[in-house]
Amino acid sequence: MSERRAPAVRDEDPDRLYTVTGGRSRAPDKAFDLVTLIVAQCEPVAGMQSEHARILRMCSAPAAVVEIAAELGLPVSVVKILLGDLAQAGQITARHPRFSPSRRPGAARLPDLDTLKQVLHGLQQL
């Protein structure tokens, strides 16, 4: 039987969010979107910011950015900043979803159906 955790409470306190991000309001680049899969490359270490440590523990198996934000109870924009810190330190890797080939030249490519199913399943498990 799987253990159900209580849903995370959204943390919208501006002072706390300012502290968590070190006053930054934007991620360093546009490396992450909602369905980017994040994988930890190391274990958390003593003295690490608690949110960074939680992300590393959570991402021992691939997790989508939106899943991480939901689990932490933080806005996606804040999570992207934290992920940028971890990526810069080489502690995570980002795997962008596979895209299915377009059948028409110039048509937008859609995310691979299997990837979307995995993200949906992860969200349903929250």
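Read on for a plain summary of the structure. (Residues numbered from 1 in each chain as written. Predicted model: local features only at pLDDT ≥ 70, side-chain atom pairs only at ≥ 80, totals over all residues. Heavy atoms only, no water.)

**Regarding the overall build of the chain**
- Along its length, the chain carries 5 helices and 3 strands.
- The burial tally for the chain puts 33% of its 126 residues in the buried class.
- Total accessible area computed for the chain in this model is approximately 8,300 Å², and 54% of it derives from carbon and sulfur atoms. (Helix = DSSP H or I, 4+ residues; strand = E, 2+ residues; numbered from the N terminus. Buried < 20%, exposed > 50% of the residue type's maximum accessible area, 1.4 Å probe, protein only. Areas by Shrake-Rupley, 256 points an atom, 1.4 Å probe, with all protein chains shown as cover.)

**Examining the environment of leucine 86**
- Looking at where leucine 86 falls in the secondary structure, it is placed in helix α4 (residues 76-88).
- C-alpha of leucine 86 to C-alpha of glutamine 41: the two residues are 45 residues apart in sequence and 9.6 Å apart in space.
- Residues contacting leucine 86, with those up to four places away along its chain left out, are His52, Ile55, Leu56, Gln91 and Ile92. (Contact = heavy atoms within 4.5 Å.)

**Overview of helix α5 (residues 113-124)**
- For α5, which comprises 12 residues, the first-to-last C-alpha distance of 16 Å matches the rise-based estimate of 16 Å (1.5 Å per residue) to within 8%.
- Among all positions of α5, only Thr115, Val119 and Gly122 are buried. Buried residues of α5, viewed axially, fall in a sector of 60°; they line one side. In α5, the exposed positions angled more than 90 degrees off the buried face are occupied by Leu113 and Lys117.
- Summarising the contacts, the buried residues of α5 are in contact with β2 (63-64) and α3 (65-72). (Expected span 1.5 Å × (residues − 1). Arc of directions from axis to C-beta.)

**Focus: the environment of glycine 22**
- Inspection of the secondary structure assignment puts glycine 22 in the loop between α1 (14-21) and β1 (37-40).
- Among the residues examined, glycine 22 registers a relative accessible area of 61% and is labelled exposed.
- When the C-alpha atoms of glycine 22 and leucine 82 are compared, they prove to be 9.8 Å apart, with 60 residues separating the residues in sequence.

**Regarding α3**
- α3 sits mainly inside the fold: 6 of its 8 residues count as buried.
- Burial in α3 covers these residues: Val65, Glu67, Ile68, Ala69, Glu71 and Leu72.
- Residues of α3 that are buried sit in contact with β1, α2 (50-58), β2, α4 and α5.
- Following α3 by one or two positions, glycine 73 has its phi on the positive side, about 70°.

**Details of the pairing of β1**
- Residues Leu37 and Val39 of β1 are buried on one face, and the alternating residues Ile38 and Ala40, pointing to the opposite face, are buried as well.
- Sheet topology note: the β1/β2 ladder contains 2 bridges and is antiparallel. When the sheet's bridge partners are listed, isoleucine 38 is paired in β2 with alanine 63.
- As judged from the 4 bridges shared by β1 and strand β3 (residues 92-95), these two strands associate in the antiparallel manner. Paired with leucine 37 across the bridge in β3 is arginine 95. (Pairing = 2+ DSSP bridges.)

**Things to note about the nonpolar core**
- By size, the foremost hydrophobic cluster in this structure holds 22 residues, and its most contacted members are Ile38, Ile55, Ile68, Val79 and Leu83.
- Among the secondary structure elements, those contributing two or more residues to this core are α1, β1, α2, α3 and α4.
- If you tally residues by element for this core, the top one is α4, at 5 residues.
- Aside from chain neighbours lying at most four places away, what touches isoleucine 55 is Ile68, Leu72, Leu82, Leu83 and Leu86. (Core = buried A, V, L, I, M, F, W, Y, C linked by side-chain atoms within 4.5 Å.)

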